[in-house]
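Working through the structure, step by step
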Amino acid sequence: MRKYADRTMKGQALLFLSLLSLGSVTGQVSYTIPEEMAKGSLVGNIAQDLGLETKRLTSGKARIYSRETDEYIELNRERGVLLVKERIDREALCRQTTLCALHFQIILENPMEFYSVTVQITDINDNTPTFEEVEIEFKISESAITGAKFVLERAVDLDVGINYLQRYELKPTDNFVLKVHNNADGNKNVEMVLQKPLDREKQEQISLVLTAVDGGEPQMSGTMLIVITVLDVNDNAPVFTQSTYKATVTENSPKGTVVTTVTASDADQGSNSKITYSIINRDDVRKVFKINSENGEVTLVANIDFEESGSFQLNLRASDEGGLTDSCKLIVDVQDVNDNNPEINIMSKSNVISEDAKLNTVVTMINIEDKDSGENGKVQCFINENMPFTLKTTTINFYSLVTDSDLDRERASEYNITVTCSDEGVPSLSSSVTLTLQISDVNDNAPVFERSSYEAYMVENNTPGLSIFTVKARDADWNQNARVSYILEDSSVNGVPVSSYVSVSADSGVIHAVRSFDYEQIKDFHFRVKAQDGGSPPLSSNVTVKILIQDQNDNTPQVLYPVQTGGSLVAEMVPRSADVGYLVTKVVAVDVDSGQNAWLSYKLQKATDRALFEVGLQNGEIRTIRQVTDKDAVKQRLTVIVEDNGQPSRSATVIVNVAVADSFPEVLSEFTDFAHDKEYNDNLTFYLVLALAVVSFLFITCLVVIISVKIYRWRQSRILYHSNLPVIPYYPPRYSDTLGTGTLQHVYNYEVCRTTDSRKSDCKFGRAGSQNVLIMDPSSTGTMQRIQNEKSILDEPDSPLEVRML
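No experiment lies behind these values; they were computed from the predicted model shown. (Residues numbered from 1 in each chain as written. Predicted model: local features only at pLDDT ≥ 70, side-chain atom pairs only at ≥ 80, totals over all residues. Heavy atoms only, no water.)

**Quick look at the overall build of the protein**
For clarity, the cut-off: Per the convention used, a helix needs a DSSP run of H or I reaching at least four residues, while a strand needs a run of E reaching at least two, with both numbered from the N terminus. The buried label applies to any residue whose accessible area, calculated with a 1.4 Å probe on protein chains only, is under 20% of its type's maximum; exposed applies above 50%, and partly exposed to all values in between. Working rule for contacts: check all heavy atoms of both residues, and any pair within 4.5 Å makes them a contact. All accessibility values rest on the Shrake-Rupley procedure with a 1.4 Å probe; residue burial counts only the protein chains present in the view.
Of regular secondary structure, the protein possesses seven helices and 55 strands. Expressed as a percentage of the 806 residues in the protein, the buried residues total 43%. Across the protein, contacts joining residues at least 24 apart in sequence account for 67% of those joining residues at least 6 apart. In the form shown here, the protein has an accessible surface area of approximately 42100 Å², with 49% of it arising from carbon and sulfur atoms.

Printed below as a string of structure tokens:
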């Protein structure tokens, strides 16, 4: 019979299945099933009722979220159905609450969705009405009047509805009849009413059976034996001053708190008027309250919690010693106190989110619950300020944490989001939870060089492979997106690929010289270096690098004037009437280096008469330092050394021949002898050197060095001028001496004619600026003829000088 009832209830549950609401993101489904269904029984096809495909349940990792009821219902993703997970006992789950339901949510991810599900549990008649006591005893005076009432203990039936206790039966009914009163709360007060006076002499003890019957199918019943002892003479029962008492107590009140005091009176006298108070409820009420049996004071004996029970009903009885009783009820309302913090439950969350996530991307779903009621149970949630997130309310007590502004990992790579929920009680209680969210990187930052452009210096004559400079770029991204490689961009320098000049280390950005540089060939050059990150697609930036070559003192000064020749003699004319400071000539030299390496100074190293001439330190001008006299030799030989200002210094020497005379014949005679004497002296020196070489090898070594220097200078002279004739160098028009650089102040132009006649012949010359130059060829014995320039060089500033030989 029981199995048949179960099957009937299950069938009814499936017939009453109802779909209340359905939404694409949120919805609610309701099912009704009977209690005590077997494990694995079908509750409902949730996929069909929600309009979802079963593969969506699997891909979305559908699961049941519930704080207390997940042990009863389980979700089968593959079939898309809800099944009974464990046997459900409605009485254990909901006690005597008429409406008993399980509430939970179905949560899906990717994207996040959730649906509310309610499963109502219907009652079956599986509990028998029971009395707390199987036997009770009454002592009733024989003087009890007809109509006297005796309160009986109520039976308890854990079922509800039609399965709950429906009626009482009392047998036999010779002296007593049963009266049942229905209370507003649905319970029944059972009273035994005397309908026929008692006669102790006829019957001293009476036994009655009280039966409680429910309305289930099949019906169930419970019994209690009532034993009545007939007493003599107590014919007045106690009477309470009120039939219903009401009291209020605050939850969490301490033990011993007085709730209220009830009072009853008895018209009898003596021992028959002594009243005893008692609580006739079951043990669950007597565990919380107790009544003083003598004065009717009701006190707390345990802590009470409004969230567990908002009110209590105490059934009180007043009994005299004659066995007469009266009853009343005490309703105790429990006042709520804000003693529960809001509970924050994380339903689903993401630990990592991309920095390019769109606005309103759901990060976390939160459920809030506060067990308090009224204002104490109203909760508001918020997050800490200055966060690119916001909380949105989806349904009551459900929040979604979503993005509300753009994310930037380079600005913040991690967020600690504190969610704080506060109720509206006084004082307010709050709870908080901190969520840690990592921001994943996107390649949205190009490498940035530390400078907008670079300049580097290096000294010429470097060794190939030398490290010149390091460029550095930084990328605000992370990991592979921030890994920077350096690339030399294709370009050319003077028509040559820049890669033949420098190279760049891809990893470190170090720039190396590929070749050795010569300042005199290239003074500076520039190129571009690209920095590229390792993202996909990669981002890059470039920068200009300028390399400046620094000069070294690696070039010796070169004397341009006077020209040193091997076959001819060049002499400067100084008249004997020359005053102090007379400009004899000017030594002109250049240095292809730059800066201080090209600053030249001139010094007189040797001279036939040091007291007669001096050399300008900066300009190389040779001037007289005293008046020329007749005693001064016609032939004067000056050795001038030209030094640059480099470190170490380099130098060159030049020999200047000066003729002190007033006429060319005198000069010609003297310098012809001088040439022969020079040849003779050279031969003598050669023989002396040979003799000394036998004695001292060291002297021979020195001589070889001297001869090598002479040969080098002779070759340099031949390369520069390609002629045995003396050449006066060409200087640009109006080439003036500025800042003491040693250039010539005046322009000279000589044309000399020679014949095969005697070397005593006259030599005619043209004078420019009162300066004279005598050119002699020691191998010639002819006479000199004078040829005057037809046109001054100053008239043609762009024409070089010509030397013509007749």
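Still to come is the rest of the account.
**As for the packing of aromatic side chains**
For clarity, the threshold we go by: Stacked, tilted and edge-to-face pairs are distinguished by plane angle, under 30 degrees for stacked and over 60 for edge-to-face with tilted covering the rest, among Phe, Tyr and Trp rings (Trp via its six-membered ring) whose centres lie within 6.5 Å.
Counted by the stated rule, this structure contains 14 aromatic pairs. With centroids separated by 5.1 Å and ring planes inclined at 25 degrees, the aromatic side chains of phenylalanine 114 and phenylalanine 398 adopt a geometry described as stacked. Of this pair, phenylalanine 114 sits in strand 8 (residues 113-122) while phenylalanine 398 sits in strand 30 (residues 398-403), and the two are 284 residues apart along the sequence. With a relative accessible area of 8%, phenylalanine 398 lands in the buried category.

**Topic: the sheet that holds strand 42 (residues 524-532)**
Cut-off, in case you're wondering: Two strands form a pair only when DSSP identifies at least two bridges running between them. Convention adopted: a line fitted to C-alpha atoms gives each axis, helices being fitted over their contacting stretch, and angles between N-to-C directions are expressed from 0 to 180 degrees.
Taken together, four strands build an open sheet; the order of strands is 34-43-42-37 and the sheet is mixed. Of all the strands in the sheet, the pair left with one neighbour each is strand 34 (453-459) and strand 37 (485-488). Mean inter-strand twist for the sheet, computed between neighbouring axes without regard to direction, equals 30 degrees. Two strands pair when backbone bridges link them, and strand 37 and strand 42 are joined in this way by four bridges, in the antiparallel orientation. By the bridge assignment for strand 42, leucine 488 is matched with valine 529.

**Looking at the pattern of salt bridges**
Short version of the rule: Only one rule defines a salt bridge in this text: a Lys or Arg side-chain nitrogen within 4 Å of an Asp or Glu carboxyl oxygen.
Applying the stated criterion across every chain yields a total of 17 salt bridges. Its salt-bridge partner being arginine 474, residue glutamate 450 comes within 3.5 Å of it at the nearest N-O pair. Placement of glutamate 450 in the loop between strand 33 (448-449) and strand 34 and of arginine 474 in strand 36 (residues 473-474) is noted, with a sequence separation of 24 residues between them. Note on glutamate 450: relative accessible area 48%, which makes it partly exposed. For the salt bridge of glutamate 621 with arginine 623, the shortest nitrogen-to-oxygen distance reads 2.9 Å. In this structure arginine 623 comes out as partly exposed when scored by relative accessible area, which is 25%.

**Quick notes on the state of the cysteines**
Rule in force here: By disulfide we mean two sulfur atoms from cysteines, separated by a distance within 2.5 Å.
Counted according to the given criterion, the structure contains two disulfides. Two residues, cysteine 94 and cysteine 100, share a disulfide whose sulfurs are 1.8 Å apart. Across the disulfide from cysteine 94 to cysteine 100, rotation about the S-S bond amounts to roughly 65 degrees, and the bridge is consequently right-handed. Paired through a disulfide, cysteine 381 and cysteine 421 show a sulfur-sulfur distance of 2.1 Å. Disulfide cysteine 381 to cysteine 421: torsion about the S-S bond roughly 110 degrees, handedness right-handed. You can see cysteine 381 sitting in strand 28 (residues 379-383) and its partner cysteine 421 sitting in strand 31 (residues 414-423), a full 40 residues away along the chain.

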